[in-house]
2 protein chains.
Amino acid sequence: MNIGEAAKASGISGKMIRYYESIGLIPSVGRTEAGYRTFSDKDIHTLRFIARARSLGFSVEQMSNLLALWRDSNRASSDVKAVAYAHIEELDSKIEKLISMRQTLQHLAEHCQGDNRPSCPILGDLAGAPESAGTAPAQVRPPLACEEA
Amino acid sequence: MNIGEAAKASGISGKMIRYYESIGLIPSVGRTEAGYRTFSDKDIHTLRFIARARSLGFSVEQMSNLLALWRDSNRASSDVKAVAYAHIEELDSKIEKLISMRQTLQHLAEHCQGDNRPSCPILGDLAGAPESAGTAPAQVRPPLACEEA
DNA sequence: ATAGACCTTCCCATCGTTGGAAGGTCAAGC
DNA sequence: GCTTGACCTTCCAACGATGGGAAGGTCTAT
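Now for a look at the structure at hand.

Procedures and definitions
Residues numbered from 1 in each chain as written. Chains lettered and ligands numbered in written order. Predicted model: local features only at pLDDT ≥ 70, side-chain atom pairs only at ≥ 80, totals over all residues. Heavy atoms only, no water. Core = buried A, V, L, I, M, F, W, Y, C linked by side-chain atoms within 4.5 Å. Buried < 20%, exposed > 50% of the residue type's maximum accessible area, 1.4 Å probe, protein only. Contact = heavy atoms within 4.5 Å. Near = heavy atom within 4 Å. Polar contact = N/O pair within 3.5 Å; in protein donor to acceptor, adjacent residues only side chain to side chain. Helix = DSSP H or I, 4+ residues; strand = E, 2+ residues; numbered from the N terminus. Nonpolar A, V, L, I, M, F, W, Y, C, P; charged D, E, K, R; others polar. Salt bridge = Lys/Arg side-chain N within 4 Å of Asp/Glu carboxyl O.

A look at the nonpolar core
Within soluble globular proteins, side chains that are nonpolar tend to cluster in buried spots.
Here is step 1 of the chain: Counting residues in each nonpolar core, the largest one holds 78 residues, and the members touching the most others are Ile17 of chain A together with Ile17 of chain B.
Here is step 2 of the chain: Excluding its chain neighbours within four sequence positions, the residues that come into contact with isoleucine 17 of chain B are Ile3, Ala6, Ala7, Ser10, Ile12, Ile26, Phe39 and Leu47 of chain B.

Dropping the structure here:
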């Protein structure tokens, strides 16, 4: 299997497959005499694992851990779970940050007339002017309790 | 005002101030004879504007637009609002993606025993095995309607 | 033989930020 | 005046994950 076919079969671009190989995330695959990479079914399976892990937002380093656990038939599922929960916490803090940004921005935008006059609470807030609505300028609102605890 | 004082006063590191100047986000500030940058109150105001905009997640390009609008006393507030809403939509799509990842991962982790045995639905899902819980392996759950429309 | 589709390696760009090296400047103390 | 330490300057590189492209080799079908 060529790298192009491997890319199609795994959903990972050829570029990225080479990159993952170069940084050691996947072991070096076989080569033809002419130097073309050849991918076994096992290689494809690994690539699909990676594609799925990427789609869940795992970093290359986390995927490296997960792949090691996957290959280790003596693993403890608690180790896998720990990696997963660590990632969930990262996701949570990103989500909180984004939601808080969104919240603040939404609030500001709601109070903007959106007409052809220059007066605008969004710019007012960015410029540090105390808002008419009485909310502090640089504070970010507390996050929504959105991730079902 | 030195760059160090400007950094403290604005909350933007000296490194970043130089960077923002180099890419033209802020106009070139004054210099002493020895080549040291000098920051006026107006410069500091601009830097604070930028710091606040960054904290709301605006990109450098968006900040450039916002700064131009800020400086234009003939702006239409609708233009500012448009920038804000475009950014809110970007935030929304990021939030949706992250929440959907979180959701999937949470679901998998909940079904993981987390003991010292190797069997683990998280790895099972990543490896593409059909789950015992009956959920499709590679599908991501629909996003939570979390951003109060 | 030749065209076109593939493959290889290598370098560069992104985005925002940080780090460091090598060197100049300033202010305080001796 | 000289030294010391804290500042400043520019330049170069790195991060993480990905894409783009150039220059060149290989395979397959006509």
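Looking at the protein's contact with DNA strand D
Here is step 1 of the chain: What surrounds DNA strand D is a group of 19 residues, the closest being Lys15, Tyr20 and Tyr36 of chain A together with Gly4 and Arg18 of chain B.
Here is step 2 of the chain: Between lysine 15 of chain A and DNA strand D, the recorded distance is 2.3 Å, taken from a side-chain N or O atom to a base oxygen.
Here is step 3 of the chain: Between a base nitrogen of DNA strand D and a side-chain N or O atom of tyrosine 36 of chain A, the distance comes to 2.6 Å.
Here is step 4 of the chain: Where the surface near DNA strand D is concerned, the elements lending two or more residues are α2 (14-22) of chain A together with α1 (3-10) and α2 (14-22) of chain B.
Here is step 5 of the chain: At four residues, the largest contribution of residues to the surface near DNA strand D is made by α2 of chain A.
Here is step 6 of the chain: Partitioned by chemical class, the residues of the surface near DNA strand D number eight nonpolar, five polar and six charged.

Examining the pattern of salt bridges
Here is step 1 of the chain: Enumeration according to the criterion identifies eight salt bridges over all chains in this entry.
Here is step 2 of the chain: Note that arginine 52 of chain A is salt-bridged to aspartate 125 of chain B, the shortest N-O span being 2.6 Å. Placement of arginine 52 of chain A in helix α3 (residues 41-55) and of aspartate 125 of chain B in helix α6 (residues 121-126) is noted, with the two residues assigned to different chains.
Here is step 3 of the chain: Take arginine 52 of chain A: its relative accessible area is 7%, and that puts it in the buried class.

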